[in-house]
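# Coordinate inspection notes
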Amino acid sequence: MDEVKVRVPSAHEMRTCATAFVARVTARNRLPLDFSVASLRVVDFLIDGLRKGGADRERAGGTLLGLGAYVGEVLVRRAGAVWVDFDADQRAYFGQSAGVRMPDGRVWNPLGKVLNRFEVGGPEESLQTFYLTLHGRARRAVA
């Protein structure tokens with residue numbers, strides 16, 4: 001089986017990646033992907049569906065990238081984060097080229113969190129719980 005390579009966008013491309021993903025997956029379905037915190041439950045559900053459907057990481061790579069960009073964009077819009085390109089040490093640590101920096105300076109890896117949910121599963125890998133327990137987010141929602 002050939003492995004499908006997915007190019008990971010840079011930080012400045014992530015918002016476009018997230019909005020294109022939402023447009024693509026909601027074109028035929030009425031998925032409530034509205035960049036709200038509550039919509040992260042839908043992300044958990046979608047990832048669980050991929051796992052239960054027997055998808056492997058390579059074939060699901062594009063969808064997982066889109067979901068990771070979506071989760072990151074929720075952090076940008078709701079928690080005051082900004083997309084950043086990781087430096088060499090951060091890329092080595094996170095295994096990703098981009099992530100988000102929170103208002104307090106902490107960096108997080110939403111793409112990696114999505115991969116963890118896919119590979120490990122279970123409530124301890126919930127993306128909604130990740131957001132709700134996230135350190136460094138803005139106290140009030142950001143538009």
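These remarks concern the structure in this document. Bear in mind the structure is a predicted one, so any value in this text is a computation, not a measurement.

Conventions and cut-offs
Residues numbered from 1 in each chain as written. Predicted model: local features only at pLDDT ≥ 70, side-chain atom pairs only at ≥ 80, totals over all residues. Heavy atoms only, no water. Helix = DSSP H or I, 4+ residues; strand = E, 2+ residues; numbered from the N terminus. Rg over C-alpha atoms; globule rule 2.2 N^0.38 Å. Buried < 20%, exposed > 50% of the residue type's maximum accessible area, 1.4 Å probe, protein only. Contact = heavy atoms within 4.5 Å. Polar contact = N/O pair within 3.5 Å; in protein donor to acceptor, adjacent residues only side chain to side chain. Axes fitted to C-alpha atoms, helices over the stretch in contact; angles between N-to-C directions. Parallel < 35°, antiparallel > 145°, perpendicular 65-115°, else oblique. Left-handed = near helix turned anticlockwise from the far one by under 90°. Nonpolar A, V, L, I, M, F, W, Y, C, P; charged D, E, K, R; others polar. Salt bridge = Lys/Arg side-chain N within 4 Å of Asp/Glu carboxyl O.

## Overview of the overall build of the protein
Looking only at helices and strands, the protein has six helices and three strands in total. The linear arrangement of helices and strands in the protein, starting from the amino end, is α-α-α-β-α-β-β-α-α. The globule rule puts the C-alpha radius of gyration for 143 residues at 15 Å, and the 14 Å found for the protein is close to it. The dimensions of the protein, computed from C-alpha atoms along their principal axes, are 45 × 35 × 30 Å. The proportion of buried residues among the 143 residues of the protein is 45%. A separation threshold of at least 6 residues defines the contact pool for the protein, and within that pool the share at least 24 residues apart is 60%.

## A short note on the side chain of serine 126
Position of serine 126 among the secondary structure elements: in the loop between α5 (110–120) and α6 (127–132). On the basis of relative accessibility, which here comes to 9%, the residue serine 126 falls in the buried class. A polar side-chain atom of serine 126 sits 2.7 Å from a polar atom in the side chain of aspartate 44. Filtering out sequence-adjacent residues up to four positions away, serine 126 remains in contact with Asp44 and Arg117.

## Considering unusual backbone geometry
With a phi angle near 65°, phenylalanine 35 is a residue other than glycine that sits in the positive phi range. Given a relative accessible area of 7%, phenylalanine 35 falls into the buried group.

## Considerations on the packing of helix α2 (residues 40–52) against α5
Axis separation between α2 and α5 bottoms out at 9 Å; the angle between their running directions is 45°. Taken together, α2 and α5 sit at an angle that is classed as oblique. As for the relative orientation of α2 and α5, their crossing is right-handed in sense. Between α2, through Asp44, Ile47, Asp48, Leu50 and Arg51, and α5, the contact on the second element is made entirely by Val114, Arg117, Phe118, Glu119 and Val120. Residues that form the contact of α2 with α5 fall into these classes: five nonpolar, no polar and five charged.

## Examining the pattern of salt bridges
Any two side chains of opposite charge can pair, given that their charged atoms come close. Under the criterion given, the structure shown has eight salt bridges. Between arginine 117 and aspartate 48 there is a salt bridge, with the nearest N and O atoms lying 2.6 Å from each other. Of the two residues, arginine 117 sits in helix α5 while aspartate 48 sits in helix α2, which places them 69 residues apart along the sequence. We note that arginine 117, like aspartate 48, is buried. With its nearest N and O atoms 3.9 Å apart, the salt bridge here joins glutamate 125 to lysine 113.

## Regarding the side chain of asparagine 109
Note on placement: asparagine 109 falls in the loop between β3 (107–108) and α5. Asparagine 109 sits in the buried class, given a relative accessible area of 8%. A distance of 3.3 Å separates the side chain of asparagine 109 from the backbone oxygen of phenylalanine 94, its partner in a polar contact. In contact with asparagine 109, other than residues within four places in its own chain, are Phe86, Phe94, Gln96 and Ala98.

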